[in-house]
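For reference, the chains in residue letters:
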Amino acid sequence: MDIDEIFGNSRVASPPTKSAVYVWGYNQSGQTGRKGEERNLRIPKQLPPELFGCPAGFNHRWLDIACGREHTAAVASDGLLFTWGANEFGQLGDGTEKGRKQPKKVKQLQTEFVISVSCGAHCTAAIAEPREKNGTEMTRRLWVWGQNQVAFHIPSG
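Presented here is an overview of the structure given in this document. (Residues numbered from 1 in each chain as written. Predicted model: local features only at pLDDT ≥ 70, side-chain atom pairs only at ≥ 80, totals over all residues. Heavy atoms only, no water.)

## Examining the layout of surface pockets
Each pocket or cavity is described by its volume, and for the largest pocket that value is around 170 Å³. Forming the boundary of the largest pocket are Tyr-22, Val-23, Trp-24, Tyr-26, Gln-31, Thr-32, Ile-65, Cys-67, Gly-68, Arg-69, His-71 and Thr-72. Listed by contribution, the elements that provide at least two residues to the lining of the largest pocket are strand E1 (22-26), strand E3 (62-67) and strand E4 (71-76). If one sorts the elements of the lining of the largest pocket by residue count, E1 sits on top with four residues. Partitioning the lining of the largest pocket into residue classes produces six nonpolar, five polar and one charged. (1 Å grid on protein atoms, 1.4 Å probe; cavity = no way out; pocket = protein on both sides within 12 Å on 5 of 7 lines; lining within 4 Å. Points joined across faces, edges and corners; volume = space filled by probe spheres on them. Helix = DSSP H or I, 4+ residues; strand = E, 2+ residues; numbered from the N terminus. Nonpolar A, V, L, I, M, F, W, Y, C, P; charged D, E, K, R; others polar.)

Following this line, the structure appears as structure tokens:
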């Protein structure tokens, strides 16, 4: 009996070179990135890579994705952040309050390499580091935008 028979094959699998974004659920504000009258997606559907600027037949590899109440954000492997959906509080990071049903790069962060993203109900936060090192120590920064209001209720009694 050899070692592979005892412990199984010990080859390390390589990470995927492509991945996809699948969406489902409530779509009132376009947060699933799907066009048309699909208000509620009851089964997962893949978003076409062309929505993210990939030529047909190619895909980004995705590092992170997050959903707010009515908006979505995704980080591609090249460190670019895409957002779409409701934007009444500026949660898409494009400087407007106009919603969008298609993913779009967050221009303000194109000089950053976004590592992760998180969404609150009406806000978005990203951790990023500068793409240009400039001979200085690499520092990660927290970027936050959207609604800046704390609303909670503490019951008395």
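Past the structure itself, the notes keep going.
## Some remarks on the packing of aromatic side chains
A full pass over the atoms with the stated rule returns four aromatic pairs. Considering the side-chain rings of Phe-52 and Phe-82, the 5.2 Å spacing of their centres and the 85° angle between planes classify their relative orientation as edge-to-face. Residue Phe-52 is found in the loop between strand E2 (40-46) and E3, and its partner Phe-82 is found in strand E5 (residues 81-85); the two are separated by 30 residues along the sequence. When the ring of Phe-52 is compared with that of Trp-84, the centres are 5.7 Å apart and the planes differ by 70°; the resulting orientation is edge-to-face. You can see Phe-52 sitting in the loop between E2 and E3 and its partner Trp-84 sitting in strand E5, a full 32 residues away along the chain. For Phe-52, a relative accessible area of 4% translates into the label buried. What links up through ring pairs into an aromatic cluster is the set Phe-52, Trp-62, Phe-82 and Trp-84. (Phe/Tyr/Trp six-rings, centres within 6.5 Å; stacked < 30°, edge-to-face > 60°. Buried < 20%, exposed > 50% of the residue type's maximum accessible area, 1.4 Å probe, protein only.)

## Structural notes on the nonpolar core
Formed by Ala-66, Ala-73, Val-75, Leu-81, Val-106, Leu-109, Val-114, Val-117, Cys-119, Ala-126, Ala-128 and Trp-145, the largest nonpolar core amounts to 12 residues. Of all the elements in the fold, those that place two or more residues in this core are E4, strand E7 (112-119) and strand E8 (123-130). Among residues more than four places away in sequence, those in contact with Leu-109 are Leu-81, Val-114, Ala-126, Trp-143 and Trp-145. Core analysis: the next-biggest nonpolar cluster, separate from the first, contains 11 residues, Val-23, Leu-47, Leu-80 and Phe-82 among them. (Core = buried A, V, L, I, M, F, W, Y, C linked by side-chain atoms within 4.5 Å. Contact = heavy atoms within 4.5 Å.)

## Describing the pattern of salt bridges
A side chain with one charge may pair with a side chain of the opposite charge, provided their charged atoms come close. For the coordinates displayed, the defined rule picks out three salt bridges. The salt bridge partner of Arg-141 is Glu-112, with a shortest N-O separation of 2.3 Å. Taken together, the positions of Arg-141 in strand E9 (residues 141-146) and Glu-112 in strand E7 put the pair 29 residues apart, joining distant regions of the chain. Look at Arg-141 and you get partly exposed, because its relative accessible area is 35%. The closest approach of N and O atoms between Arg-140 and Glu-129, which form a salt bridge, is 3.3 Å. Separated by 11 residues along the polypeptide, Arg-140 in the loop between E8 and E9 and Glu-129 in strand E8 bring together distant segments of the chain. (Salt bridge = Lys/Arg side-chain N within 4 Å of Asp/Glu carboxyl O.)

## Quick notes on a nonpolar patch on the surface
On the surface, Ile-127, Leu-142 and Val-144 cluster together into a nonpolar patch covering about 280 Å² of accessible area. Along the chain, the position of Leu-142 falls in strand E9. Exposure remark for Leu-142: the relative accessible area of 59% places this residue in the exposed category. (Patch = residues over 30% accessible without salt bridge, like charges linked within 9 Å, V, L, I, M, F, W, Y side chains within 5 Å. Areas by Shrake-Rupley, 256 points an atom, 1.4 Å probe, with all protein chains shown as cover.)

## Topic: the sheet that holds E5
The sheet built from four strands is open, its strands ordered E3-E4-E5-E6 with antiparallel pairing. A strand with exactly one partner marks an edge of an open sheet, and here the two such strands are E3 and strand E6 (100-105). Between one strand axis and the next, the sheet turns by 15° as a mean value, whatever way the strands run. Inspection of the sheet shows E4 paired to E5 by five bridges, in the antiparallel sense. Residue pairing across strands places Ala-74 opposite Phe-82, the latter belonging to E5. (Pairing = 2+ DSSP bridges. Axes fitted to C-alpha atoms, helices over the stretch in contact; angles between N-to-C directions.)

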